[in-house]
Amino acid sequence: MMRPTARLLFKHPRVFTPSRALSTSFQTATNEDVIAHCDQYLAPYYADVIPIAVEKTQGPFITSVEGASYFDLNGGYGACRFGHNPSQVVSAAQAQMDKCSLPSRGYMNPMLGTLGEKLANIYKDVLKPRNGAVNPQIATKVGGGDACDYAIKLALKWGVDKKNIPDGEQIIILFGGHDLFHGRMISCLPPNMGDDAMSKGFAQTGMGFPHKVLSVFNSIEDIEKIFKTHGDKIAGCMGEYVLGEAGVRIANPEYLQRMRELCDETNTLMIADDVQTFASTGNYSPSQHPVFEGYNVKPDVVVIAKALTSGVTPGSVIIADREVQGVMGPGTDGSTFGGNPVMCAASLATLNMIETDKLFDELDVIGGKIRGTMLAAQKKNPSIVDVRGLGAMLAVEFDTEANATKAKYALASVGVGLSADESEISGLRVDGVRLKATRGNILRVSPTLMSDEEVDMLCKYLYAGLV
C-alpha cells in the first residue's frame, strides 16, 4: 500500500502559491499547501500548531489531507473525550438542527430547561450545600473562556451584593499560580507574569483588571497569607483541580481543603474550572475523584465545557446554587448562542451516553492501560522523569525539551514501515501518534474513547515511540 510521506517540519513564514484553489476541494492538496493557505489568511496568534492538515476524524483517529492517519492524543484538548464524531451525539445535533437551531435567548426553548434539570440532578452531588441543601441553576455560554468570564463576573457581583465590597475593589484569587489557564478572555488573564505572551501587552500590569492575585499552586502558606492580607476584599477563588496546560498537575487535597475553609470563613466563592477536566478524570468533576475522597473540597461554582458536547458543537455551562446565581439579575449577562437547542441536544446526548454506556468506567480502563505503558517506558528511558494523571487526563514529563521533542516526532512516525498486520486497524493504516507538548518538556496524553483493540495498538505505538 502506497502512502504519502508524513511531513513533520515546515519553515515559516511561507507564501501561498498553490497550483489550484483550495476553497472547493482538498483531494490533491498537501499538508504544506493547506498550512500555507491558512498562514496567509489567519492571524498568527496560535502557537505550536501540529504540522498536518486534518481532513477527516473517526473515533480515536485523525486523517490528513495527504491520507495519513494517526492516533489523536490531542483529543480537542479534551473536547473529543468520547471519540471524534460519536454517532449518538451527531445524530441528536443533526435532528435538532433540522427542527430548531437558534431561536436565541430572546425566547425560552424546551431543550434548555431539560438540560438544566439534567445538570442540576448531577451537580447536586458536586456543589457545596448552602443552608443544608443544594439547588443548582445553570447559566449557558459558548466556550470555556466566556464561561470562566461569567464565573468571575458572578464572583464580583457576589462580592458587592453579599460582602459589601465597594465595586471596583473586589479581588479574585487565581489558585493555579503561574501555571493557570482559564481561557483568553481579558477577565481571565493572569496579572502580567513577565514575558508570558498570554498576559503581556494586555493591560494586566500590577493586579490586572479585574483585580487578581496569583496563589502559588499547592502552597497552603501562600493561600493563607493572601486571605490574611486581602480577606475582606476577596470575592472569589478560581482554579483547576488538575492543571491541564501546566502538564496535568494535580492539586493537593490538603491545599484545596484549606482553601475551602478560608472561603467559608470569609463568604468567598470557590470556583472550580472544570472546562478541561469534565469527564476526563473518570468523573463529572475531578472533585469527585477518589484522590479527594474524605476532604472538604466541594466548590460553590463549577464551569464545564469541551467534552460536554463531545466536540460536536461549542457549548459551556456555569453551575451554582440558586442563591449564588441569584445575584445575576436580569440584564447582568446574556449570550446569543449560549444554550441554543443544538448545543443542548448534543449535551443531553453526551450525558445520556455517559450513563447508559458507563463511559467513565471505560475511560478509567483506557487511561490505566496507557499510564501503565508509559510507566513501563519510563523504566527503559532515563530521560522520562515523571508519568502522572487522573483517569484519561495524562502526561509524560522529560528531563529536557529536546528529549520531549525527540519523543514527539518519534511517535508521529512510529507506524511507518510496519507491516499491515501491525499497523492496520478500524479500516485505517495508522502512521503514528499525534500529541502536543506543554511547558516545553511535557507531552500531554489526552486519549479518546476507543475499542480494546485500538487501545492495545496505541499502547504498542506509545511504548515503541517513548523508549
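It should be emphasised that the depicted structure is a prediction, and the values quoted were computed from it without experimental measurement.

1. Examining a nonpolar patch on the surface
Step number 1: Together, Y45, Y46 and V49 make up a nonpolar patch on the protein surface, roughly 420 Å² of accessible area in all.
Step number 2: Note that Y45 resides in the loop between α1 (31–41) and β1 (54–58).
Step number 3: Take Y45: its relative accessible area is 68%, and that puts it in the exposed class.

2. Considering the sheet that holds strand β4 (residues 136–141)
The strands making up a sheet associate through hydrogen bonds between their backbones, and the pairing can be parallel or antiparallel.
Step number 1: On the basis of which strands lie adjacent, the open sheet formed by 7 strands has the order β4-β12-β11-β10-β7-β5-β6 and mixed pairing. One side of each edge strand has no neighbouring strand; the edge strands of this open sheet are β4 and β6 (212–214). For this sheet the average axis-to-axis angle between neighbouring strands, irrespective of direction, equals 20°.
Step number 2: As paired elements, strand β5 (residues 171–174) and strand β7 (residues 234–239) share 4 bridges and run parallel to each other. Note that in β7 the partner of I171 across the bridge is I234.

3. Focus: empty space enclosed by the protein
Step number 1: Counted by the stated rule, this structure contains 3 cavities of 30 Å³ or more.
Step number 2: What the largest cavity holds in volume is close to 70 Å³.
Step number 3: Every residue lining the largest cavity is listed: Y77, G78, R81, G244, V248, Q276, A392, M393, L394, R444, V445 and S446.
Step number 4: Within the lining of the largest cavity, the residues separate by chemical class into 6 nonpolar, 4 polar and 2 charged.
Step number 5: Counted as a void, the second largest cavity has a volume near 50 Å³.
Step number 6: Taken together, L73, N74, Y77, K436, R444 and S446 make up the full set of residues lining the second largest cavity.

4. Concerning the nonpolar core
Step number 1: Counting residues in hydrophobic clusters, the biggest one holds 86 residues, and the most contacted among them are Y123, L256, F278, I304 and I370.
Step number 2: Excluding residues within four positions of it along the chain, I304 makes contact with L119, Y123, D274, V275, F278, S316, V317 and I319.
Step number 3: Core analysis: the second largest hydrophobic core is formed by 31 residues, A151, I152, V301 and M328 among them.

5. Focus: the pattern of salt bridges
Step number 1: Across all of its chains, the model carries 20 salt bridges by this definition.
Step number 2: Of the charged contacts, one joins K141 and D333 as a salt bridge, the two residues approaching to 2.5 Å between their closest N and O atoms. Of this pair, K141 sits in strand β4 while D333 is found in the loop between α7 (322–325) and α8 (341–356), placing the two residues 192 residues apart along the sequence.
Step number 3: With relative accessibility at 30%, the residue D333 sits in the partly exposed group.

6. Brief notes about the layout of surface pockets
Any empty space left between the atoms is revealed when a probe the size of a water molecule rolls over them.
Step number 1: Its volume calculated, the largest pocket comes out at about 1500 Å³.
Step number 2: Every residue lining the largest pocket is counted, 48 residues in all, and those nearest its centre are Y46, F181, R184, M198 and E245.
Step number 3: Secondary structure elements with two or more residues in the lining of the largest pocket: α4 (144–163), α10 (401–412) and β17 (436–438).
Step number 4: A per-class count over the lining of the largest pocket returns 20 nonpolar, 15 polar and 13 charged.

7. Quick word on the confidence of the model for the protein
Step number 1: Within the protein, residue pLDDT values average 92, and 93% of them lie at 70 or more.
Step number 2: Throughout residues 1–16 the model reports pLDDT below 50, and contacts reaching past four residues in sequence, or to other chains, amount to 39 contacts.

8. Regarding the pairing of strand β13 (residues 384–390)
Step number 1: Of all 7 residues making up β13, 5 are buried, and the element is well covered by its neighbours.
Step number 2: In terms of strand pairing, β13 meets strand β14 (residues 393–398) through 6 bridges, oriented antiparallel. Bridging across to β14, I384 finds its partner in F398.
Step number 3: In textbook terms, the turn of a hairpin is the stretch between consecutive antiparallel strands, and for β13 and β14 this stretch comprises 2 residues, one of which, G391, has a positive phi near 60°.

9. Considerations on the packing of helix α9 (residues 359–380) against helix α12 (residues 452–466)
The relative placement of two packed helices is expressed as an angle between their axes plus a distance between the axes.
Step number 1: Remark: α9 packs on α12, axes separated minimally by 9 Å, with the N-to-C direction vectors making an angle of 20°. Classified by the angle between their axes, α9 and α12 sit roughly parallel to one another. With respect to the hand of their crossing, α9 and α12 are arranged in right-handed fashion. Within the contact between the two elements, α9 uses I366, K369, I370, T373, M374, A376, A377 and K380 and α12 uses D452, V455, D456, L458, C459, L462, Y463 and L466.
Step number 2: Tallied by class, the residues present in the contact of α9 with α12 amount to 11 nonpolar, 1 polar and 4 charged.

What counts as what
Residue positions within a chain follow its written sequence, with the count starting from 1. Whole-chain, interface and lining totals are the exception, using all residues; otherwise, since this is a predicted model, local features are given only for residues with pLDDT of at least 70 and side-chain atom pairs are given and counted only at 80 or more. Values reported for side chains reflect all heavy atoms of the structure, with hydrogen atoms and water molecules removed beforehand. Patch membership requires over 30% relative accessible area and the absence of a salt bridge. Like charges are linked within 9 Å, and nonpolar side chains (Val, Leu, Ile, Met, Phe, Trp, Tyr) within 5 Å. Using the Shrake-Rupley algorithm and a 1.4 Å probe, accessible areas are obtained, with residue cover drawn only from the displayed protein chains. Here, a salt bridge means any side-chain nitrogen of Lys or Arg that lies within 4 Å of a carboxyl oxygen of Asp or Glu. Note on conventions: DSSP H or I runs of at least 4 residues are helices, E runs of at least 2 residues are strands, and numbering of each starts at the N terminus. Remark: exposure states derive from per-residue accessible area (1.4 Å probe, protein chains only) relative to the maximum for the residue type, with buried under 20%, exposed over 50%, and partly exposed in between. Two strands qualify as a pair provided that DSSP identifies no fewer than 2 bridges between them. Working convention: axes come from line fits to C-alpha atoms, limited for helices to the stretch in contact. Angles between N-to-C directions cover 0 to 180 degrees. Throughout, the protein atoms alone are placed on a 1 Å grid, and a set of points is a cavity if a 1.4 Å probe fits but cannot get out or a pocket if it is open with protein on both sides within 12 Å along at least five of seven lines; lining residues have an atom within 4 Å of a point. Grid points are joined across faces, edges and corners, and a volume is the space filled by probe spheres set on the points. Ten residues, namely Ala, Val, Leu, Ile, Met, Phe, Trp, Tyr, Cys and Pro, are considered nonpolar, four, namely Asp, Glu, Lys and Arg, are considered charged, and the remaining ones, Gly among them, are considered polar. Residues grouped as a nonpolar core are buried Ala, Val, Leu, Ile, Met, Phe, Trp, Tyr and Cys residues, joined through side-chain atoms within 4.5 Å. We call two residues contacting when some pair of their heavy atoms lies within 4.5 Å. The pLDDT value expresses, per residue, how confident the predictor is, ranging between 0 and 100. Should an angle fall under 35 degrees it is called roughly parallel, over 145 degrees roughly antiparallel, and 65 to 115 degrees roughly perpendicular, with every other angle called oblique. The handedness criterion is simple: a crossing whose near helix is rotated anticlockwise from the far helix by less than a right angle is left-handed, and one whose near helix is rotated clockwise is right-handed.

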